[in-house]
Structure formats: structure tokens, C-alpha cells
Amino acid sequence: THQIRVHAAHAGLPLLADEVYGVESSLLSRHALHAWRVAFSHPASGERIQVSAPLPDDFSKAMDQLGLRLPADIERLADIPPSQQAKSPS
């Protein structure tokens, strides 16, 4: 996570509750970093693997307190075909 935190801060998108590179906060006791959905090709079979995880309760509560909402059409992101998704370098 260190590299993600550094790059996010450098891009002007510091993480909430990241005391080193982001913004301190009493709303969360950990970095505001969550992988909602991860997809990749299995290295042996080539099968497309996709794993999803709902937003944790503490994140939802912090977002409510900050007046933030996820886009209503966020599930639409799951419909992006693999051919249009970012590829990892070979």
C-alpha cells in the first residue's frame, strides 16, 4: 500500500487517515484505501478472475459524516470489457 499512498498524495489525492502522506482524521482508524473490485487473468489457466468486496462499514460511516456518496452507477464499472481494461506490462 505504501506506493499507492505515495502516488495518490503526489497526484493531489491524499488518503484520509494516512498520517504520513495523507490527511489525519478521527473518522477512521486506518488508511482510507479499499479495493472494491479486483480482476485479473489467472497465470496458469488464463481464466478471468474477478473478486468484489463491499465497502466496509467504517468507510460508509466516514463517507456519510463527510457528506460523500458513491456514484449511483458504480456497478456499471463492472461491465467494462477486459479488452478495454488496463493491461499489466509483460
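Per chain, residue numbering runs from 1 following the sequence as it is written. Residue-level local features of this predicted model are given only where pLDDT is at least 70; pairs of side-chain atoms are given and counted only at 80 or more, and the full residue set underlies all totals for whole chains, interfaces and linings. Here the side-chain values reflect all heavy atoms present in the structure, with hydrogen atoms and water set aside.

Enquirer: Please explain the environment of leucine 13 as it appears in this structure.
Expert: In DSSP terms, a helix is any run of H or I states spanning at least four residues, a strand is any run of E spanning at least two, and both are numbered starting from the N terminus. Counting through the fold element by element, leucine 13 comes out in the loop between α1 (2-10) and β1 (37-41). For the pair leucine 13 and valine 23, spaced ten residues apart in sequence, the C-alpha to C-alpha distance is 9.8 Å.

Enquirer: What's the story with the side chain of aspartate 18 in this structure? I'm lost.
Expert: Note on placement: aspartate 18 falls in the loop between α1 and β1. Burial status follows relative accessibility: with a 1.4 Å probe on protein chains alone, a residue under 20% of its type maximum counts as buried, one over 50% as exposed, and anything between as partly exposed. Aspartate 18 sits in the buried class, given a relative accessible area of 1%. A 3.5 Å cut-off defines polar contacts: any pair of N or O atoms within that distance qualifies, except that in protein one atom must be a possible hydrogen donor and the other a possible acceptor, and neighbouring residues in sequence count only when both atoms are side-chain atoms. In terms of polar contacts, aspartate 18 uses its side chain to reach the side chain of arginine 5, at 2.7 Å. For this analysis, residues touch if any pair of their heavy atoms sits within 4.5 Å. For aspartate 18, the residues in contact, after removing those within four places along its chain, are Arg5, Val23, Glu24 and His31.

Enquirer: Is there a simple way to think about helix α2 (residues 57-66) in this case?
Expert: An α-helical turn contains 3.6 residues, so a residue and the one three or four places further along point in the same direction. The set of residues buried in α2 consists of Phe59, Ala62 and Met63. Across the axial projection of α2, the buried residues extend over an arc of 100°, all falling on one side. When the buried face of α2 is taken as reference, the exposed residues oriented beyond 90 degrees from it are Asp57, Lys61 and Gln65. Positive phi appears at glycine 67, one or two residues downstream of α2, with a value of about 75°. Note that the arc is computed from the directions linking the helix axis to the C-beta atoms.

Enquirer: Would you take a moment to explain the pattern of salt bridges for this structure?
Expert: Close approach of charged atoms allows side chains with opposite charge to pair. When a carboxyl oxygen of Asp or Glu lies within 4 Å of a side-chain nitrogen of Lys or Arg, that pair is called a salt bridge. Evaluated as defined, the whole model comprises three salt bridges. Close ionic contact of arginine 5 with aspartate 18 constitutes a salt bridge, the shortest N to O distance being 2.7 Å. With a gap of 13 residues between them, arginine 5 in helix α1 and aspartate 18 in the loop between α1 and β1 connect regions that are remote in the sequence. In this structure arginine 5 comes out as buried when scored by relative accessible area, which is 10%. The salt bridge partner of arginine 69 is aspartate 64, with a shortest N-O separation of 3.3 Å.

Enquirer: Just to check I follow, could you spell out the packing of aromatic side chains for this structure?
Expert: Centre distance and the angle of the planes are the two values used to describe a pair of aromatic rings. Each pair of aromatic rings taken from Phe, Tyr and Trp, with Trp reduced to its six-membered ring, is defined by centres within 6.5 Å and is described as stacked if the planes are under 30 degrees apart, edge-to-face if over 60, and tilted in the remaining cases. This structure, assessed with the given rule, holds zero aromatic pairs. It is arginine 37 that lies over the ring of tryptophan 36; its NZ or CZ is 4.3 Å from the centre. Only when the NZ of Lys or the CZ of Arg is both within 6 Å of the ring centre and within 35 degrees of the ring normal is a charge said to sit over the ring.

Enquirer: How should I be thinking about the pairing of β1 in this particular structure?
Expert: Along any regular strand the residues' side chains alternate between the sheet's two faces. Sheet topology note: the β1/strand β2 (residues 48-52) ladder contains five bridges and is antiparallel. Across the sheet, residue alanine 39 finds its bridge partner in β2, namely glutamine 50. As consecutive antiparallel partners, β1 and β2 are separated by six residues, and within that stretch glycine 46 has a phi angle of approximately 80°, a positive value. Whether two strands pair depends on DSSP finding at least two bridges between them.

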